[in-house]
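# Observations on chain architecture
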Amino acid sequence: MRLDKYISDALQLSRAQARQRIAKGTVSVNGQVCRQADRQITDADTVQAGGGQLDRQQFVYIMLNKPQGVVSASTDRRDTTVVDLVAGEFPRRQLFPAGRLDKTSTGFVLLTDDGAFAHRILSPRRHVEKEYLVTLDTPLTPEMCQGFAQGVTLADGQKLAPARAEPVEGEPLQARVTLTQGVYHQIKRMFGVYGAGVDGLHRLRMGGLWLDDSLAPGAWRQLSAAEFALLEEKGAAERVKKG
Ligand code: URA
């Protein structure tokens, strides 16, 4: 992130106040005074202000728009992983995806090194919703919507928690699906019970936080404190739905 943002976050200053400190020459990066407010600071940099070293963030939380073909893992022998897409900026962090998307799926992946937090938002007991835009190979039916609401029983006998499948106006082959649990290939298997195939799956939301639709596939950014707090909301925050 930019040096002025880093200083304003770390010292709880406005962006203008942070720029003044930088202009005065009281901020050093890796031991050298830096007067460049737009200097990019990565996790590998050490920043000092007013003589003291600023605390490196304890944990990082990153929103990534996963492209197709990238795997939801930290490392993989063959394929590019979601962590590979950000690793250059976080060489010393043990990042992992909090919740997986299939290789062919796209959209919101949360990357973090905070294991306890990831566990909290993924635990089905917490009822934190994840919402997807799904493209089907056959139109969505009321039977599917009712079945999802009651809790689908998968082909292997596993009974799932109630979920929501909602139609998308003017798009009979699309559905908005909202889950509170994360079973392997869950949405594909749920539609499979009704003989429907999934041609596309894009995660739009985790908890109360929507994927920033200005992030192109493969793009990412760290979350603000306000966005981070939204992740633990059970349902969608008030906002016009996008996607
Ligand atoms: N359900 C699936 O089937 N695939 C995903 O990637 C996410 C949910």
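Further up the page is the structure itself.
Report on the accompanying structure. (Residues numbered from 1 in each chain as written. Predicted model: local features only at pLDDT ≥ 70, side-chain atom pairs only at ≥ 80, totals over all residues. Heavy atoms only, no water.)

### Regarding the overall build of the protein chain
From N to C terminus, the protein chain includes six helices and 13 strands. Seen through its C-alpha atoms, the protein chain measures out along the principal axes to roughly 65 × 40 × 30 Å. Classification of the 243 residues of the protein chain by burial places 46% in the buried group. Counted over contacts in the protein chain with a minimum sequence separation of 6, partners at least 24 positions apart contribute 64%. (Helix = DSSP H or I, 4+ residues; strand = E, 2+ residues; numbered from the N terminus. Buried < 20%, exposed > 50% of the residue type's maximum accessible area, 1.4 Å probe, protein only. Contact = heavy atoms within 4.5 Å.)

### Comments concerning the layout of surface pockets
Of the pockets and cavities examined, the largest pocket occupies roughly 890 Å³. What lines the largest pocket is a set of 33 residues, among which Met1, Tyr6, Asp9, Gln57 and Gln222 lie closest to the centre. Elements with a contribution of two residues or more to the lining of the largest pocket: α1 (3-11), β13 (220-222) and α6 (225-231). Here the lining of the largest pocket gets four residues from one element, more than from any other, and that element is α1. In this structure, the second largest pocket occupies an estimated 560 Å³ of space. If you go around the second largest pocket, you meet 25 residues; those closest to its centre are Arg100, Leu101, Asp102, Val183 and His185. Counting only elements with at least two residues in the lining of the second largest pocket, the list comes to β8 (130-136), α5 (186-192) and β11 (198-206). For the lining of the second largest pocket, the per-class residue count stands at 11 nonpolar, eight polar and six charged. (1 Å grid on protein atoms, 1.4 Å probe; cavity = no way out; pocket = protein on both sides within 12 Å on 5 of 7 lines; lining within 4 Å. Points joined across faces, edges and corners; volume = space filled by probe spheres on them. Nonpolar A, V, L, I, M, F, W, Y, C, P; charged D, E, K, R; others polar.)

### Concerning the pattern of salt bridges
Under the counting rule described, the total for this entry stands at 16 salt bridges. Residues arginine 15 and aspartate 4 are paired through a salt bridge, measuring 3.6 Å at the closest nitrogen-oxygen approach. Note that arginine 15 is positioned in helix α2 (residues 15-23) and aspartate 4 in helix α1, a separation of 11 residues in sequence. Judged by its relative accessible area of 0%, aspartate 4 falls in the buried class. Among the salt bridges present, the one from glutamate 166 reaches arginine 164, with a minimum N-O distance of 3.9 Å. On the basis of relative accessible area, arginine 164 is assigned to the partly exposed category, the value being 37%. Among the ionic contacts, a cluster of salt bridges with common partners joins Glu129, Glu131, Arg164, Glu166, Arg176 and Arg205. (Salt bridge = Lys/Arg side-chain N within 4 Å of Asp/Glu carboxyl O.)

### Notes on the site of the ligand
As a structural note, the neighbourhood of the ligand is formed by Leu101, Asp102, Ser105, Tyr132, His185, Gln186, Ile187, Lys188 and Leu201. A distance of 3.3 Å separates an oxygen atom of the ligand from a polar backbone atom of histidine 185. Lysine 188 places a main-chain nitrogen or oxygen 3.1 Å from an oxygen atom of the ligand. Taking 240 Å² as the accessible area of the ligand by itself, protein coverage stands at 96%. Counting atoms within 2 Å of the grid points, the majority share of the ligand lands in the second largest pocket. Counting residues per element, the shell around the ligand draws most heavily on α5, at three residues. A breakdown of the residues in the shell around the ligand according to their chemical character gives four nonpolar, three polar and two charged. (Near = heavy atom within 4 Å. Polar contact = N/O pair within 3.5 Å; in protein donor to acceptor, adjacent residues only side chain to side chain. Areas by Shrake-Rupley, 256 points an atom, 1.4 Å probe, with all protein chains shown as cover. Sits in = over half its atoms within 2 Å of the grid points.)

### Things to note about the sheet that holds strand β1 (residues 27-29)
Here four strands make up an open sheet; going across it, the order is β2-β1-β3-β4 and the pairing antiparallel. Looking at which strands have only one partner, the edges of the open sheet turn out to be β2 (32-33) and β4 (52-53). The sheet contact formed by strand β3 (residues 47-49) and β4 spans two bridges and is antiparallel. By the bridge assignment for β4, alanine 49 is matched with glycine 52. With respect to the sheet, α1 is in contact with β1 and β3, its orientation differing from that of β3 by roughly 60°. (Pairing = 2+ DSSP bridges. Axes fitted to C-alpha atoms, helices over the stretch in contact; angles between N-to-C directions.)

### Observations concerning helix α4 (residues 142-150)
A turn of α-helix holds 3.6 residues, and therefore any two residues three or four places apart point the same way. Residues Met144, Cys145, Gly147 and Phe148 constitute the buried set of α4. Down the axis of α4, the smallest arc covering the buried residues is 165°, so these residues share one side. In α4, the exposed positions that point more than 90 degrees away from the buried face belong to Pro142, Glu143, Gln146 and Gln150. Close packing links the buried residues of α4 with β9 (164-168), β10 (171-179) and α5. (Arc of directions from axis to C-beta.)

### Thoughts on the nonpolar core
Taken as a class, soluble globular proteins show a tendency for nonpolar side chains to be buried jointly. Core analysis: the largest hydrophobic core is formed by 34 residues, its most contacted members being Leu111, Val134, Leu140, Val177, Ile187, Met190 and Phe191. Those elements giving two or more residues to this core turn out to be β5 (61-66), β7 (106-112), β8, α4, β10, α5 and β11. Here leucine 140 is in contact with Cys145, Ala165, Glu166, Pro167, Pro172, Gln174, Ala175 and Phe191, once residues within four sequence places are set aside. (Core = buried A, V, L, I, M, F, W, Y, C linked by side-chain atoms within 4.5 Å.)

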